[in-house]
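What follows is the residue order along each chain.
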Amino acid sequence: MEKKKKHVLWEIFISTLYLSAFTFGGGYVIVTLMKKKFVDDFHWIDEKEMLDLIAIAQSAPGAIAVNGAIVVGYKLAKIPGILLAIVGTIIPPFVIISLISFFYEVFKTNVLINLLLTGMQAGVGAVIAAVVFDMGKSIVKERETQLIVIMILAFIANYYLQVSVVAIVLICGLLGLGETLVKRRKA
């Protein structure tokens, strides 16, 4: 049993290190890679848990990548899983930012680096669109009218009415809490 636990801890560390090292563009970009790794490849969590993970990661203070890794690490291996997930997630950006800051003067005027970063922005936009489509598709598949209405209203509130994402997440969290309390009372 101890050997299996060490293997899971190693997988948590390597997975979060890999995801963090090859994710450019911020927290939302990592969501697609986390889904592929944790849901599709390892089957550590299912798609519904992935949606919950994103909600928790987004509503908690800090980076989505770290918060998401914490949730998965805790689910799989409690406190040691959290610690290894955090370390695996923060090593790559720490190393990359340290190197960039060391060579900042050279990078900021380099035309090739600027073109590379511009190209990466387009890729980041495509990845975020894929995440939205993928997660929205799973909500529509469940055919729960309430979730579909909430998703549409959240989009309208943010995109057209410029309501803060934080406010939307808090409101949706309160709606979920209310629904849970009502279901418990009925049971």
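For clarity, every value in this text was computed on a predicted model and none was experimentally measured. (Residues numbered from 1 in each chain as written. Predicted model: local features only at pLDDT ≥ 70, side-chain atom pairs only at ≥ 80, totals over all residues. Heavy atoms only, no water.)

**Let's talk about unusual backbone geometry**
What counts is decided by this rule: Helix numbers and strand numbers start at the N terminus; a helix is a DSSP run of H or I with at least 4 residues, a strand a run of E with at least 2. Residue burial is assigned from relative accessible area. The probe radius is 1.4 Å, only protein chains are included, and a residue is buried under 20% of its type maximum, exposed over 50%, and partly exposed in between.
With a phi close to 55°, H43 is a non-glycine residue in the positive phi region. For H43, the position within the fold is in the loop between α2 (27–41) and α3 (47–59). Despite not being glycine, Q162 has its phi angle at roughly 55°, a positive value. Looking at where Q162 falls in the secondary structure, it is placed in the loop between α7 (145–159) and α8 (165–186). Judged by relative accessible area, which is 61%, Q162 ranks as exposed.

**Quick look at the packing of aromatic side chains**
What counts here: When two rings of Phe, Tyr or Trp (its six-membered ring) have centres within 6.5 Å they constitute a pair, described as stacked for plane angles under 30 degrees, edge-to-face for angles over 60, and tilted for the intermediate range. Whether a charge sits over a ring depends on NZ of Lys or CZ of Arg being within 6 Å of the ring centre and within 35 degrees of the ring normal.
Under the defined criterion, the tally for this structure stands at 8 aromatic pairs. Summarising the aromatic geometry, the rings of Y18 and F22 are spaced 5.2 Å apart at their centres and angled 50° between planes, so their arrangement reads as tilted. Relative accessible area serves as the criterion here: at 44%, Y18 is assigned to the partly exposed category. We classify F22 as exposed; its relative accessible area is 54%. Relative to Y160, the ring of Y159 lies with its centre 4.9 Å away and its plane at 90°, an arrangement referred to as edge-to-face. Note on accessibility: Y159 and Y160 belong to one class, exposed. By way of ring pairs, the aromatic residues F38, F42 and W44 are connected into one cluster. In this structure, K78 packs its charged tip against the face of Y74, placed 4.8 Å from the ring centre.

**A look at the environment of L161**
Its location among the elements puts L161 in the loop between α7 and α8. Taking the C-alpha atoms as reference, L161 lies 21 Å from Q146; in sequence the two are 15 residues apart.

**Focus on the environment of A167**
Tracing the chain through its elements places A167 in helix α8. The class for A167 is partly exposed, based on a relative accessible area of 28%. When the C-alpha atoms of A167 and M34 are compared, they prove to be 25 Å apart, with 133 residues separating the residues in sequence.

**Let's talk about the side chain of S20**
This is how it is decided: Here, two residues are considered to be in contact whenever any of their heavy atoms come within 4.5 Å of each other.
Looking at the element boundaries, S20 is found in helix α1 (residues 2–21). Non-local contacts of S20, meaning those with residues more than four positions away in its chain, are made with I30, G88, T89, P92 and P93.

**Observations regarding the pattern of salt bridges**
A side chain with one charge can pair with a side chain of the opposite charge if their charged atoms come near. The following threshold applies: By definition here, a salt bridge exists when the distance from a side-chain nitrogen of Lys or Arg to a carboxyl oxygen of Asp or Glu is within 4 Å.
If you walk through the whole model with that rule in mind, you get 7 salt bridges. Across the pair K75 and E49 runs a salt bridge, and its minimum N-O distance is 3.5 Å. In this pair, K75 is assigned in helix α4 (residues 64–102) and E49 in helix α3, connecting sequence segments 26 residues apart. When its relative accessible area of 40% is taken as the criterion, K75 is described as partly exposed. D134 serves as the salt-bridge partner of K137, at 3.9 Å between the closest nitrogen and oxygen. You can see K137 and its partner D134 sitting in helix α6 (residues 111–142), 3 residues apart, about one turn around the helix. The class for D134 is partly exposed, based on a relative accessible area of 24%. Here the salt bridges do not stand alone but share partners, grouping K35, D40, E47, D134 and K137 into one network.

By themselves these figures say nothing about function.
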